[in-house]
Amino acid sequence: MARRHLSERQREQIRQTQEQRRQRATERSGRQADELDDAGLGVEQPGLVIANYGPALIVESSQGAWHRCAVRQHLGTLVCGDRVLWQPAGAGEGVVIALEERRSLLSRPDYSGRPRPMAANLDQLVVVVAPQPPLQDYFIDSYLVASATIGVESLLVVNKIDLLDTAGVAEWEARLATYRRIGYLLLFASTRTAHGLDPLRDRLKGRTSILVGQSGVGKSSLIKALLPDLEIRIQALSVATGLGTHATSTAMLYHLPDGGDLIDSPGVRGFTLGTLDPAVLEPGFVEFAPYRGQCRFSDCSHTVEPGCALLAAVKRGDIDLRRLQSYHQLKRERRPA
Ligand SMILES: Nc1nc2c(ncn2[C@@H]2O[C@H](COP(=O)(O)OP(=O)(O)OP(=O)(O)O)[C@@H](O)[C@H]2O)c(=O)[nH]1
Ligand SMILES: [Mg+2]
Ligand SMILES: [Zn+2]
């Protein structure tokens with residue numbers, strides 16, 4: 001569908017209308033929620049987007065009830081984690097009329113490579129990998145770039161370690177040690193044995209996190225392991241959407257028992273960041289920072305040049321060669337088509 005481009009003036013108008021609505025909603029907060037306006041809609045109120053099923057948006061009210069909502073067109077694509085204003089419109093239904101400003105937004109390229117919003121207001125990305133399916137190394141790096149670019153923290157979870165013997169675990173430790181060295185939390189977990197779930201719970205507490213990673217690494221299984229009452233929620237969802245229980249066809253938000261929210265996302269086979277400026281890769285390679293501007297040539301491509309500070313760091317063992325290779329691969333993918 002062609003995306004309408006708004007002028008600055010239109011954007012400002014929309015912003016003002018939304019602000020007025022927000023204020024009206026605050027003023028009216030003393031009124032009954034079932035009071036209807038001229039269009040047959042109930043009182044404007046805040047809500048949280050739980051999932052976006054294309055035509056249907058699941059919005060949770062402040063009382064925790066789910067409503068299947070339509071969205072006013074000018075609001076664009078809304079995603080789970082979005083804070084909105086909405087009006088009830090009959091039993092379990094409603095209309096979303098305004099979007100609160102987003103603290104952060106994670107997008108994923110669609111089939112044509114254009115970024116498509118996936119989840120909003122995140123605090124951290126949990127990159128899940130596993131011995132099965134096999135991991136493409138640069139996959140992790142692409143997520144670290146994505147999170148750094150939107151100003152969100154990230155950590156790594158190696159799931160399914162019940163499939164590994166001691167030597168296997170040591171191998172994975174060694175393979176991913178780089179990430180620990182450059183400052184990321186690296187956890188080993190198994191939803192089968194519950195190994196590693198406690199430190200994961202600790203880290204998720206009080207924040208909004210999203211599980212990302214290849215299809216089949218166990219993201220939904222982690223959700224199930226961390227949310228004992230999940231079956232109830234899934235049933236509520238299938239009632240609300242009429243779509244059955246395929247919870248990971250779209251990103252979906254869950255409230256954690258200890259506080260905080262956890263979003264399950266549909267797995268991907270490949271992951272590319274789309275056609276953005278290669279310069280924005282830098283924040284995802286924190287360990288390169290001390291060498292910025294240190295190469296002999298200011299336009300150094302860090303591939304073959306003499307006096308390249310990054311290549312020298314790799315040679316000394318201060319930078320992992322695999323990370324530099326990832327950097328080059330992501331840079332190639334990012335070049336505008
Ligand atoms: N051995 C083992 N298998 C696991 C573990 N966690 C999940 N699995 C299995 O891995 C398979 C995929 O798990 P899911 O949780 O559906 O994976 P997912 O990441 O949500 O996959 P998508 O929804 O396609 O992205 C299932 O057969 C799970 O039973 C684990 O800790 N150990
Ligand atoms: Mg899943
Ligand atoms: Zn260089």
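Attention here is on the structure that accompanies the text. Predicted model only: the values in this text are computed from it and were never measured.

### Focus on the overall build of the protein chain
- Within the protein chain, the regular secondary structure consists of eight helices and 13 strands.
- Taking all 337 residues of the protein chain together, the buried fraction comes to 47%.
- Across the protein chain, contacts joining residues at least 24 apart in sequence account for 66% of those joining residues at least 6 apart.
- Surface summary for the protein chain: the accessible area is close to 17,000 Å², and the carbon and sulfur share equals 50%.

### A look at helix H3 (residues 166–181)
- Here H3 is 16 residues long and its end C-alpha atoms lie 22 Å apart, about the 22 Å a rise of 1.5 Å per residue gives.
- The largest bend along H3 reaches roughly 45° and is located at arginine 175.
- Within H3, the full set of buried residues consists of Gly168, Trp172, Leu176, Thr178 and Tyr179.
- Of the residues flanking the end of H3, it is glycine 183, one or two places downstream, whose phi is positive at about 110°.

### Points about the coordination of the zinc ion (ligand 3)
- The protein atoms donating to the zinc ion (ligand 3) are Cys295 (SG), Cys300 (SG), His302 (ND1) and Cys308 (SG), with metal-donor distances spanning 2.1 to 2.4 Å.
- Taken together, the four donor atoms coordinating the zinc ion (ligand 3) span angles of 104 to 114° at the metal, a pattern that classifies the geometry as tetrahedral.
- Look at where the donors of the zinc ion (ligand 3) fall in the sequence and you get C-x4-C-x1-H-x5-C. Per residue, the accessibility class of cysteine 300 equals that of cysteine 308, and both read buried.

### Here we look at the pairing of strand S3 (residues 66–71)
- Of the strand pairs in this sheet, strand S2 (residues 56–61) and S3 are connected by four bridges, and their pairing is antiparallel. Along S3, the bridge assignment pairs glutamate 60 with tryptophan 66.
- Note that S3 and strand S5 (residues 93–99) share four bridges and pair parallel. Across the sheet, alanine 70 pairs through a bridge with valine 95, a residue of S5.

### Describing the packing of helix H4 (residues 197–204) against helix H5 (residues 219–226)
- For the pair H4 and H5, interaxial distance at closest approach is 11 Å and the crossing angle is 85°. Accordingly, the angle class assigned to the pair H4 and H5 is roughly perpendicular. On H5, the residues touching Leu197, Leu200, Arg201 and Leu204 of H4 are Leu222, Ala225 and Leu226.
- Considered class by class, the residues forming the contact of H4 with H5 number six nonpolar, no polar and one charged.

### Focus on the packing of helix H2 (residues 137–149) against H3
- One way to put it is that H2 packs onto H3 with a least axis distance of 12 Å and a crossing angle of 20°. One way to sum up the angle between H2 and H3 is to call them roughly parallel. For the pair H2 and H3, the sense of crossing is right-handed. Of the residues in H3, those in contact with Asp137, Ile140, Asp141 and Leu144 of H2 are Arg175, Leu176 and Tyr179.
- Residues belonging to the contact of H2 with H3 are distributed by class as follows: four nonpolar, no polar and three charged.

### Comments concerning the site of ligand 1
- Surveying the vicinity of ligand 1 reveals 18 residues, the closest of which are Asp162, Thr191, Ser215, Ser221 and Gly267.
- Within the side chain of aspartate 162, one N or O atom sits 2.7 Å away from a nitrogen atom of ligand 1.
- In the complex, 74% of the free accessible area of ligand 1, which totals 650 Å², lies under the protein chains.
- Counted by class, the shell around ligand 1 contains three nonpolar, eleven polar and four charged residues.

### A word on the nonpolar core
- Within the largest apolar cluster, 59 residues are counted, with the highest numbers of intra-cluster contacts made by Ile140 and Ile210.
- Not counting chain neighbours up to four residues away, the residues in contact with isoleucine 140 comprise Val127, Val129, Leu135, Leu156, Leu176 and Tyr179.
- Judged by nonpolar contacts, the second largest core, of 17 residues, contains Val145, Ala309, Ala313 and Val314.

### Overview of the packing of aromatic side chains
- Overall, the coordinates contain four aromatic pairs when judged by the stated rule.
- Centroid distance phenylalanine 285 to tyrosine 327: 5.3 Å. Interplanar angle 90°. Geometry classified as edge-to-face. With phenylalanine 285 in the loop between strand S13 (261–264) and helix H7 (309–316) and tyrosine 327 in helix H8 (residues 321–334), the pair connects residues that are 42 residues apart, well separated along the chain. Here the two residues phenylalanine 285 and tyrosine 327 agree in accessibility, since each one is buried.
- An aromatic cluster of at least three residues, connected via ring pairs, comprises Phe285, Phe288 and Tyr327.
- Positioned above the aromatic ring of tryptophan 172 is the side chain of arginine 175, whose terminal nitrogen or guanidinium carbon lies 4.8 Å from the ring centre.

### Here we look at the side chain of lysine 219
- Residue placement: lysine 219 occurs in helix H5.
- One buried charged residue, lysine 219, forms no salt bridge at all, with the nearest opposite charge on aspartate 264 at 5.8 Å.
- At 3.2 Å, the side chain of lysine 219 forms a polar contact with the backbone oxygen of glycine 213.
- The residues contacting lysine 219, other than those within four sequence positions of it, are Val128, Leu211, Val212, Gly213, Gln214, Asp264, Ser265, Pro266 and Gly267.

The rules behind these values
- Residue positions are given per chain, counted from 1 along the sequence in the order it is written.
- Whichever chain is written first is A, and whichever ligand is written first is 1; the rest continue in order.
- With pLDDT at 70 or above as the cut-off, local features in this predicted model cover only qualifying residues; side-chain atom pairs require 80 or more to be listed or tallied, and sums for whole chains, interfaces and linings still use all residues.
- Heavy atoms from the whole structure form the basis of all side-chain values; hydrogens and water molecules are not counted.
- Numbering of helices and strands starts at the N terminus; helices are DSSP runs of H or I of at least 4 residues and strands are runs of E of at least 2.
- Burial classification: accessible surface area is computed with a 1.4 Å probe over protein chains only, and a residue below 20% of its type maximum counts as buried, one above 50% as exposed, and the rest as partly exposed.
- In this description, contact between two residues means that some pair of their heavy atoms is separated by no more than 4.5 Å.
- Surface exposure here means Shrake-Rupley accessible area, sampled with a 1.4 Å probe, where a residue is shielded only by the protein chains that are shown.
- Each residue after the first adds 1.5 Å to the expected span of a helix.
- Across the chain, bend at a residue is computed as the angle between axes fitted to the seven residues ending at that point and the seven starting from it.
- A donor here means any N, O or S atom no more than 2.8 Å from the metal (3.2 Å for Na, K and Ca); water is not included, so a site may seem to lack partners.
- Only two sets of limits are used to name each site, 85 to 135 degrees for every angle of a tetrahedral four-donor site, and over 155 degrees for opposite donors with all other angles from 65 to 115 for a square planar four-donor or octahedral six-donor site, with any other site named irregular.
- At least two DSSP bridges between two strands are needed for those strands to be called paired.
- Between N-to-C directions, angles cover 0 to 180 degrees, with each direction set by a line fitted to C-alpha atoms, over the stretch in contact for helices.
- Throughout this description, any angle smaller than 35 degrees is read as roughly parallel, any larger than 145 degrees as roughly antiparallel, any in the 65 to 115 degree range as roughly perpendicular, and the remainder as oblique.
- Polar here means any residue outside two lists: the nonpolar Ala, Val, Leu, Ile, Met, Phe, Trp, Tyr, Cys and Pro, and the charged Asp, Glu, Lys and Arg; Gly therefore counts as polar.
- Whether a crossing is left-handed or right-handed is set by the direction in which the near helix is turned from the far one by less than a right angle, anticlockwise for left-handed and clockwise for right-handed.
- If a single non-hydrogen atom of a residue is within 4 Å of a molecule or strand, that residue counts as near it.
- Polar contacts, as counted here, are pairs of nitrogen or oxygen atoms within 3.5 Å of one another; within protein the pair requires one atom able to donate a hydrogen and one able to accept it, and residues that are adjacent in sequence qualify only if both atoms are side-chain atoms.
- Only buried residues count toward a nonpolar core. Its members are Ala, Val, Leu, Ile, Met, Phe, Trp, Tyr and Cys residues joined through side-chain atoms within 4.5 Å.
- Two rings from Phe, Tyr or Trp (for Trp, the six-membered ring) form a pair when their centres sit within 6.5 Å of each other. Planes less than 30 degrees apart are called stacked, planes more than 60 degrees apart edge-to-face, and all others tilted.
- Geometrically, a charge over a ring is one whose NZ (Lys) or CZ (Arg) sits within 6 Å of the ring centre while staying within 35 degrees of the ring normal.
- Residues counted as positive are Lys and Arg, residues counted as negative are Asp and Glu, and His and the chain ends are not counted.
- A side-chain nitrogen of Lys or Arg and a carboxyl oxygen of Asp or Glu constitute a salt bridge if their distance falls within 4 Å.

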